[in-house]
Each structure stands twice: as C-alpha cells, then as structure tokens.
There are 2 protein chains.
Amino acid sequence: MYIDPAQVPAKTGTVYPEPFKSLVRGRVKRRLGDAAGLKNFGVNLVTLEPGARSALRHWHQRQDEFVYVLSGEVVLITDAGEQVLTAGMAAGFPAGEANGHHLINRSTGLAMFLEVGDRTPDDQITYPDDDLEAVAGAAGWVFCHKNGLPYSAPE
Amino acid sequence: MYIDPAQVPAKTGTVYPEPFKSLVRGRVKRRLGDAAGLKNFGVNLVTLEPGARSALRHWHQRQDEFVYVLSGEVVLITDAGEQVLTAGMAAGFPAGEANGHHLINRSTGLAMFLEVGDRTPDDQITYPDDDLEAVAGAAGWVFCHKNGLPYSAPE
C-alpha cells in the first residue's frame, strides 16, 4: 500500500548485453510499483548520475511509456532533436510511434525522474542507433542483432 | 512527446452522480498521459485544495493504481487507518485488493500528486463507504446503487 521509496532496493544492473551494459552505468532504479504489488504497469524512481542515461535510444511497439522529472536536469533526445527537461516537466512515448527516445544527464548534479511503462505482452523494442533489437519472451527480453542473430544471454 | 503540464487543460469535473459530485470539489486534474497520446494507462497531475479529496474511498477489481506525492501533504485513508504522505512518498493499490483508499488534503495549503492507473477492460469499482458501485461500460463508468438500481446519467 504505502511505499517508502528509500526502502525500495536500488537496482544498478541492466539486462542489456555487452557492449551496451556500460552505457547505462550511473543509473539507479527503484521499482516502486513492483514494491506495491502492481502487475499491470511499472513505476520506477530513477536516479541518473552526471553522464548517465536512462536507456539506449529506443521505442516500443506495444507498450506506452511516460516520464516525469522530479529534480535536476536531463536532456530528452528524440528524432526531433534535444530538449532540456527540469523538475515538473514530462514526456510521453505512445506505443508504436517510431521515434526513439532516451534521457541523458549532461549536468553536473544528480537528476531524478519517475518512469512509467505498461506490460502489454508481445512487445518489441527498436534501437535506431544501435545493432540491437529486443523481443519480449516468456522469461524477459531477448536481445538480437539487427540481422536476427541472438546476443549471448546476459550473465 | 514532451508535455508541459501547465499547458494541459485543468479539469475540475467528475463523473460521479449526485450526491457525490460535491465531495471532490477543489480537485483539479491535468491528464498528462492523454496529452501525450498514451492509451494503455493514464497519468494525471492532481492538485487538491485544502479540504479536497482525490476520490470517494474505493478499490478497483482489475486496474492497478499508483500515487506519488509531489508537494504539500495529503492523508491516505485505507482499511488500515490513516497515514500522512508528503513529497517523495508513494502508494500503490493492486487490482482486486479489497481495501478502499483515497487521499484527503487536511492541510491549509495546496497538495499535488501524480496518479497512474491502467485501462484494463471490464473493471468494476467498489465504494465501501457509500451507496455506489461502478462498472466500466462502452461509454465510460456506469454508476449504480448497491442494490443494482442505476443512478441517473450524470449531466
């Protein structure tokens, strides 16, 4: 019911295969929605250290995404260019809209935001800038090269 | 994509039938997720004036809900009692958990929070404290008395 974000475990890992793992170094996620027992969508409290990014630039075939900046400053990067987002600013990314997006902290301080995403099955993720594609599998995301060959399973 | 919450229309209405409409007076919602074109879940920026409440106390059969307090102070009321939530505190309400909840602003200042809810179809809402039930219909929520008789359509 009530969630104290400070008590929710801080996750620093990623399911990205190498060589992409290191690109999200400095990103810390707290899975608040999971902590509350929610199943239909996730709400993560995300902290980005200076230089860290939310994800590789990507878009989802079936799942909506939403971010709301709580503190600090991040740069939203999409096909439309770059935009600085500060506390109280938000962005949404409708499923199926072929416009890769991510957030980068180019400031010298911490940035914090909430990210929300639903869990519609049979999703796929496209990474326009990288040799990477992801398909939702029974046990989580399965990552392939753009030619369809799989990356080895993440450790 | 990018959403400026200040540019999103402020909604003060409610779909509750009388005599419940007046109970959410002082509540202002900005539908940020809708403004971004999201379909799978809603994200609302909600402001409560002193004395205002988020909703009648209720729980959903199929839809998850989540709130994150941005500023001010609200009281979360559930079967477990009352808890004051301030900025940075959160709560989640899993679908099907029969524990009515709502937020009331008992402070003397404005309170602001984000609320997230998904749009799983065939949902039902139970209001433990009031002679009210809601069922998701093709055109929105249909409200009935606990004996099954409908309230007249909201104006």
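Residues numbered from 1 in each chain as written. Chains lettered and ligands numbered in written order. Predicted model: local features only at pLDDT ≥ 70, side-chain atom pairs only at ≥ 80, totals over all residues.

> I'm lost on the overall build of chain A in this one. Help?
Counting its regular elements, chain A contains one helix and 14 strands. Expected size for 155 residues packed as a compact globule is a radius of gyration near 15 Å; at 15 Å, chain A falls within 12% of this value. Within the span of chain A, comprising 155 residues, buried residues form 37% of the whole. Pairs at least 24 residues apart make up 65% of the contacts formed inside chain A by residues separated by at least 6 positions. (Helix = DSSP H or I, 4+ residues; strand = E, 2+ residues; numbered from the N terminus. Rg over C-alpha atoms; globule rule 2.2 N^0.38 Å. Buried ≥ 20, exposed ≤ 12 C-beta atoms within 10 Å, placed from the backbone. Contact = placed C-beta atoms within 7 Å.)

> Can you walk me through the relation of the copies chain A and chain B in this structure?
Two copies of the chain are present, and they differ by a rotation about an axis and a shift along that axis. Superposing chain A onto chain B takes a rotation of 180° plus a shift of 0.0 Å along the axis, which leaves an RMSD of 0.0 Å. What the superposition gives is, in effect, a two-fold axis relating one chain to the other. Comparing interface residues between copies, 100% of those in chain A also sit at the interface in chain B, which points to an isologous, same-surface contact. (Least-squares fit on C-alpha atoms with pLDDT ≥ 70 in both.)

> Please clarify how the interface of chain A and chain B should be interpreted in this entry.
Interfaces are often sized by the accessible area lost when the parts come together. The partner chain B presents 33 residues to the 33 residues of chain A that form the contact. Of all the elements in the fold, those that place two or more residues in the side of chain A that touches chain B are strand 1 (2-3), helix 1 (32-35), strand 4 (41-48), strand 6 (65-71), strand 7 (73-78), strand 9 (90-93) and strand 11 (111-118) of chain A. Its residues assigned to classes, the side of chain A that touches chain B comprises 20 nonpolar, nine polar and four charged. In this sheet, strand 9 (residues 90-93) of chain B lies alongside strand 1 of chain A in antiparallel orientation, the contact comprising two bridges. (Nonpolar A, V, L, I, M, F, W, Y, C, P; charged D, E, K, R; others polar. Pairing = 2+ DSSP bridges.)

> Where do I start with the nonpolar core in this structure?
Here is a general trend for soluble globular proteins: nonpolar side chains tend to be buried in one another's company. Within the largest apolar cluster, 56 residues are counted, with the highest numbers of intra-cluster contacts made by F113(A), L114(A), F113(B) and L114(B). Ignoring sequence-local partners within four residues, the contact set of L114(B) consists of Y68(A), L114(A), V43(B), L45(B), V67(B), Y68(B) and L70(B). (Core = buried A, V, L, I, M, F, W, Y, C linked by C-beta atoms within 7 Å.)

> Would you take a moment to explain the confidence of the model for chain A for this structure?
Note that predicted coordinates carrying low pLDDT should not be read in detail. Of the residues in chain A, 98% have a pLDDT of 70 or more, and the chain-wide mean is 95. Scoring the predicted complex yields pTM 0.96 and, for the interface, ipTM 0.95. (pLDDT = per-residue confidence, 0-100.)

> Is there a simple way to think about the sheet that holds strand 13 (residues 133-137) of chain B in this case?
Where strands meet in a sheet, backbone hydrogen bonds hold them as pairs that are either parallel or antiparallel. Residues and elements named next belong to chain B. Pairing within the open sheet is antiparallel, and its four strands lie in the order 5-12-13-14. Since the sheet does not close on itself, it has two edges, and those belong to strand 5 (59-60) and strand 14 (140-144), each with one partner. In the sheet, strand 5 pairs with strand 12 (residues 124-126) via two bridges, with the strands oriented antiparallel. Across the sheet, residue H60 finds its bridge partner in strand 12, namely I125.

> Sorry, what's going on with unusual backbone geometry here?
Only a minority of non-glycine residues have a phi that is not negative, and only a minority of peptide bonds are not trans. All names here are of chain A. The peptide bond linking E18 to P19 adopts the cis configuration, its omega dihedral lying at 10°. Within the secondary structure, P19 sits in the loop between strand 2 (10-11) and strand 3 (27-31). The backbone of D122 shows a phi angle near 60°, a positive value even though the residue is not glycine. Overall, the presence of 9 C-beta atoms within 10 Å leaves D122 in the exposed class.

> How should I be thinking about the environment of F66(B) in this particular structure?
Residue placement: F66(B) occurs in strand 6 (residues 65-71). The exposure class assigned to F66(B) is buried, which follows from the 27 C-beta atoms found within 10 Å. Taking C-alpha positions, F66(B) is 23 Å from F20(B), a pair spaced 46 residues apart along the chain. Setting aside its immediate chain neighbours within four residues, F66(B) contacts G33(A), A36(A), L38(A), V43(A), A90(B), G92(B) and V116(B).

> Just checking my understanding: could you explain the sheet that holds strand 11 of chain A for this structure?
Taken together, the seven strands give an open sheet; going across it, the order is 2(A)-3(A)-4(A)-11(A)-6(A)-9(A)-1(B), and neighbouring strands pair in antiparallel fashion. Pairing within the sheet leaves two strands with one partner each, and these edge strands are strand 2 of chain A together with strand 1 (2-3) of chain B.

> Would you mind showing me how to read the pairing of strand 6 of chain B here?
Working note: regular strand, side chains alternate between the two faces of the sheet. All names here are of chain B. Summarising burial for strand 6: six of the seven residues are buried, a large majority. The pairing of strand 6 with strand 9 spans four bridges and is antiparallel. Bridge pairing in strand 9 links F66 to G92. In this sheet, strand 11 (residues 111-118) lies alongside strand 6 in antiparallel orientation, the contact comprising six bridges. Its bridge partner lying in strand 11, Y68 is registered against L114.

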